[in-house]
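# Structural description and commentary
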There are 2 protein chains.
Amino acid sequence: MENHELKHIIEEADNAINREDFVALLDFYSDDATLVIKPGMLAKGKDEIRKAFEAIAEYFNHSLVVKQGEMSIIEAGDTALVISKTLLSANQKTDSIFSMERKATYVFKKDFNKIWRCVIDNSYGVDLLEEKNI
Amino acid sequence: MENHELKHIIEEADNAINREDFVALLDFYSDDATLVIKPGMLAKGKDEIRKAFEAIAEYFNHSLVVKQGEMSIIEAGDTALVISKTLLSANQKTDSIFSMERKATYVFKKDFNKIWRCVIDNSYGVDLLEEKNI
């Protein structure tokens, strides 16, 4: 698991979020990817995903830091389900420190060049069930 | 969500498990599907998945009943991530009633005939992170 290709890909994607390099970030997603912005709110496709990350960066006062902790990767053919502890921290506009741990679920698929792309980015994991009506 | 095609497909798959019709059940999986039997133990492909379900049926004294509760479905192109409350019950060999609720994660993909097939069946959801070393 330590050296799984997807672990490194997700680390690079997190680095792109942290430096707000959304051109680099979008390259990790498939053209038809879906991002769960929050329960009940989805971004579909690269344009909507870019706008969502721009809004998220603004919301967190350009101080969001994302990194992954423990990870499980289940592969089946050209598809993979990644279960990952996701650690978020930021200095919020109120000057209070925001810090949060989620158990995220990401679905990756190999494209025609055999490169892994994120097709479903759901950082809320199974908490969607509790929170989707909020 | 109530009428999503995948909700009905999963209900039919549960019915097949409950009546131990593994021929019908395997039709819901892709040829390259992966089933998480328990954390750290995978069944890959239809032969291994059939053997796993036969062993599970035996373990639960042929009394396992599986059904789904609340469900969230996130689609992206021909792929879907299903987050679902999964309710398991059985009369165990000790005559005690076994009952358990899990928050499962299933990945489905449309095959070349546009029929949804389960490619990753992980009934443990994000609990894999805690339990994978058990």
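Structure's up top.
Here's a quick rundown of the structure. This one's a predicted model, so the numbers in the text were calculated from it and none came from an experiment.

## A look at the relation of the copies chain A and chain B
Aligned on chain B, chain A shows an RMSD of 0.0 Å; the corresponding rotation is 180° and the shift along the axis is 0.0 Å. Both copies are brought into coincidence by an operation consistent with a two-fold rotation axis. Taking the C-alpha atom as reference, chain A places A:Val126 closest to the rotation axis, 3.5 Å from it.

## Some details on helix H3 (residues 46-59) of chain A
Helical geometry note: an α-helix holds 3.6 residues per turn, so side chains three or four residues apart project in the same direction. Residues and elements named next belong to chain A. Given a rise of 1.5 Å per residue, 14 residues ought to cover 20 Å, and the 20 Å separating the end C-alpha atoms of H3 matches this to within 8%. Residues of H3 that are buried include every one of Ile-49, Ala-52, Phe-53 and Ala-57, and no others. Take H3 and look down its axis: the buried residues cluster within an arc of 135°, on one side only. Exposed residues lying more than 90 degrees from the buried face of H3 are Asp-47, Lys-51 and Tyr-59. Looking at the buried side of H3, the elements it contacts are helix H1 (5-18), helix H2 (22-26), strand E1 (29-38), strand E2 (41-44) and strand E6 (116-122).

## Let's talk about the interface of chain A and chain B
Taken together, the contact between chain A and chain B spans 33 residues of the former and 34 residues of the latter. Buried surface at the junction of chain A and chain B, both sides included, amounts to about 2800 Å², of which 66% is carbon and sulfur. For chain A, the biggest contributors to the area lost against chain B are A:Ile74, A:Val126 and A:Leu129; these three give 23% of the whole. In this structure, the connection of chain A to chain B is made through four salt bridges. Here A:Glu130 and B:Lys103 are joined by a salt bridge, their closest N and O atoms 3.3 Å apart. Our count for the contact surface shared by chain A and chain B stands at ten residue pairs in polar contact (both at pLDDT 80 or more).

## Structural notes on the packing of aromatic side chains
What characterises a pair of aromatic rings is the spacing of the ring centres plus the angle enclosed by the ring planes. All names here are of chain B. For the structure shown, the criterion picks out six aromatic pairs over all chains. Both rings, one in Tyr-29 and one in Phe-53, keep their centres 6.3 Å apart while their planes meet at 50°; by these two values the pair is tilted. With Tyr-29 in strand E1 (residues 29-38) and Phe-53 in helix H3 (residues 45-59), this residue pair connects regions lying 24 residues apart in the sequence. Each member of the pair, Tyr-29 as well as Phe-53, is classed as buried.

## Considering the sheet that holds E6(A)
Residues and elements named next belong to chain A. Strand order in the open sheet formed by six strands is E2-E1-E6-E5-E4-E3, with mixed pairing between adjacent strands. Looking at the sheet topology across the chains shown, the edges are occupied by E2 and strand E3 (65-76). Across the sheet, the axes of successive neighbouring strands diverge by a mean angle of 25°, strand direction being ignored. Where E1 and E6 come together, three bridges link them in parallel fashion. By the bridge assignment for E6, Leu-35 is matched with Asp-121. Helix-sheet contacts for H1 involve E3, strand E4 (79-91), strand E5 (97-110) and E6, and the interaxial angle to E3 is about 150°. Strand contacts of H3: E1, E2 and E6, with the helix running at about 40° to E1, the strand carrying the most contacts.

## Observations regarding H3(B)
Residues and elements named next belong to chain B. If you check H3, its first and last C-alpha atoms are 21 Å apart, about what 15 residues at 1.5 Å a residue would give, namely 21 Å. Gly-45, Ile-49, Ala-52, Phe-53 and Ala-57 are the residues of H3 that are buried. Looking down the long axis of H3, one finds its buried residues gathered within 135° of arc, a one-sided arrangement. Along H3, the residues that are exposed and aim more than 90 degrees away from the buried face are Asp-47 and Lys-51. Buried residues along H3 sit in contact with helix H1 (5-18), helix H2 (22-26), E1, strand E2 (41-44) and strand E6 (116-122). Looking at the residues trailing H3, positive phi occurs at Asn-61, about 60°.

Criteria and thresholds
- Residues numbered from 1 in each chain as written.
- Chains lettered and ligands numbered in written order.
- Predicted model: local features only at pLDDT ≥ 70, side-chain atom pairs only at ≥ 80, totals over all residues.
- Heavy atoms only, no water.
- Least-squares fit on C-alpha atoms with pLDDT ≥ 70 in both.
- Helix = DSSP H or I, 4+ residues; strand = E, 2+ residues; numbered from the N terminus.
- Expected span 1.5 Å × (residues − 1).
- Buried < 20%, exposed > 50% of the residue type's maximum accessible area, 1.4 Å probe, protein only.
- Arc of directions from axis to C-beta.
- Contact = heavy atoms within 4.5 Å.
- Buried area = accessible area lost by both parts, 1.4 Å probe.
- Salt bridge = Lys/Arg side-chain N within 4 Å of Asp/Glu carboxyl O.
- Polar contact = N/O pair within 3.5 Å; in protein donor to acceptor, adjacent residues only side chain to side chain.
- Phe/Tyr/Trp six-rings, centres within 6.5 Å; stacked < 30°, edge-to-face > 60°.
- Pairing = 2+ DSSP bridges.
- Axes fitted to C-alpha atoms, helices over the stretch in contact; angles between N-to-C directions.

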